[in-house]
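Results of the structural survey
What follows is the residue order along each chain.
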Amino acid sequence: MYKWINENQVQKFVSFLICNRNHLLGVDMMRNKRKNRSLFITTSVAMAITAVAPTNIAAQETTSKFSDVANTYTHAEAINALAERNVVSGYLDGTFKPLRKLSRSDVVKMLGKFLVEQGHVIPTNYDTVSRFSDIAASGDEELKRYAAVVHDAGVFIGNEGNLMPYSDMTRENIALVLSRLVSYVAGVDADEFVRSRNTTSDIADMNRAKPEARTAIKTIEYFGLTVVSDYRPKESTNRGQFASFIYRLLINVLENEAVLDELAAYKWSKVLDVNSIKINEEGNILTAANSKPSVTVTIAKDDGISIGSGTVDNNGNVTINLGEPVEEGQNLLITIDDNGVTYTIPYVVKDKISIPGVPSEPTNPPIEPPGGGGTVPPPSGGGGGYV
């Protein structure tokens, strides 16, 4: 005769199996003798889980992913959101342990998963080329995979070639790692970007941090990754706090169009120094300096019609002959092409000036044909562009 059991009994049975899995399965060297038992237990767990009413599972998922993360918990939103993206995970007993101190290994794994979720590929040589000497012989494959990811991204550099995976990580060191993470995902030097904004910090205990971490703390404060007035740089970080750090990077930076536009403009200002642009008095020659060599710069009217282009030389300078003179106050479009990646910025012509060393007439004036009688425009592809 079969005896029916209720849902609570099934859940208790599942919990019993999970909590006693090592005892039941055996963790000694004679696992081969226990294959039948393992098969029985695995099958029993699967049957028990299947028997649980799906409506209750769905209800749990809509509240919290983990039994020890209440909806009212400060970091609950961040933890659950990152769990949805497979950036964080819990323990076999269904808990997250948000108050547990973060080890350096924990940080590497969470950062690595975040970068993979953002599109970073796990290096194929993660197991053959160790990025940190003290995990080369580690049996933790997950750690080695994500250690390769964060190392190659320049986010986690370790200490003299060592990861020190089981050491705690202070909040000041967390700030250094997070600042590098912002730099990597934004494609700019985040610390330099924040310095250019000339903002002041509201963190009262900044002087307690080691000097090299202070800039990083200010950076993560600027982007809203930390929202406290006392950062407590010497204290450790727990799993819940770190989840909020990562989640705020997502919503405050990567999913914030205004911030992304600001970062893009800053990034491209380092490729072409717009502030160095000068236009001669006749309005037919444009120059720029302090720019990235080999970048192509195209000037167009606001209707998109190109009137000239040039390539930045090895000294960071570019001179562009304009096919049509421009006037003060005229709106232009400047397109920068950096190895196939393009970015267009609007530009308003400022005061035209006499540029030392630049002739008032283009270097390739119209050619007079023999016998006079009009002019012939320059050959196609000319206009002062570099080839």
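Residues numbered from 1 in each chain as written. Predicted model: local features only at pLDDT ≥ 70, side-chain atom pairs only at ≥ 80, totals over all residues. Heavy atoms only, no water.

Another aspect to go through is the pattern of salt bridges. Summed over the entire model, instances satisfying the criterion amount to 16 salt bridges. Between Glu255 and Arg85 there is a salt bridge, with the nearest N and O atoms lying 2.8 Å from each other. Of the two residues, Glu255 sits in the loop between α11 (239–254) and α12 (257–269) while Arg85 sits in the loop between α5 (76–84) and α6 (104–117), which places them 170 residues apart along the sequence. Here Glu255 falls in the partly exposed class, since its relative accessible area comes to 44%. Residues Lys144 and Glu141 are paired through a salt bridge, measuring 3.3 Å at the closest nitrogen-oxygen approach. Residue Lys144 and its partner Glu141 are both found in helix α7 (residues 141–152); the two are separated by 3 residues, about one turn of the helix. The exposure class of Glu141 is partly exposed, given its relative accessible area of 30%. Overlapping salt bridges bring together Lys109, Lys113, Asp140 and Glu142 as one network. (Salt bridge = Lys/Arg side-chain N within 4 Å of Asp/Glu carboxyl O. Helix = DSSP H or I, 4+ residues; strand = E, 2+ residues; numbered from the N terminus. Buried < 20%, exposed > 50% of the residue type's maximum accessible area, 1.4 Å probe, protein only.)

Now for the packing of aromatic side chains. Scanning the entire structure with this criterion turns up 8 aromatic pairs. Relative to Phe96, the ring of Phe66 lies with its centre 5.1 Å away and its plane at 45°, an arrangement referred to as tilted. Of this pair, Phe66 sits in the loop between α4 (54–63) and α5 while Phe96 sits in the loop between α5 and α6, placing them 30 residues apart in sequence. For Phe66, a relative accessible area of 10% puts it in the buried group. Seen from their ring centres, Phe193 and Tyr222 are 5.9 Å apart, and the 80° between their planes marks the pair as edge-to-face. Within this pair, whereas Phe193 is found in helix α9 (residues 190–196), its partner Tyr222 is found in helix α10 (residues 211–222), the two being separated by 29 residues in sequence. (Phe/Tyr/Trp six-rings, centres within 6.5 Å; stacked < 30°, edge-to-face > 60°.)

Before going further, it helps to examine the environment of Thr95. Tracing the backbone shows Thr95 in the loop between α5 and α6. Along the sequence, Thr95 and Val69 sit 26 residues apart, while their C-alpha atoms lie 7.6 Å from each other. Excluding anything up to four places from it in sequence, Thr95 contacts Phe66, Ser67, Asp68 and Gly90. Looking at Thr95, its side chain comes within polar contact range of the side chain of Asp93, at 2.7 Å. (Contact = heavy atoms within 4.5 Å. Polar contact = N/O pair within 3.5 Å; in protein donor to acceptor, adjacent residues only side chain to side chain.)

Strand order in the open sheet formed by 4 strands is β4-β3-β6-β7, and the pairing between neighbours is antiparallel. Looking along the sheet, the strands with just one partner apiece sit at the ends: β4 (306–311) and β7 (341–348). Averaged over neighbouring strand pairs, the angle between their axes works out to 20° when direction is ignored. Sheet analysis places strand β3 (residues 296–301) next to strand β6 (residues 331–338), joined by 6 bridges and oriented antiparallel. Residue pairing for β6: Thr296 is matched across the bridge by Asp337. (Pairing = 2+ DSSP bridges. Axes fitted to C-alpha atoms, helices over the stretch in contact; angles between N-to-C directions.)

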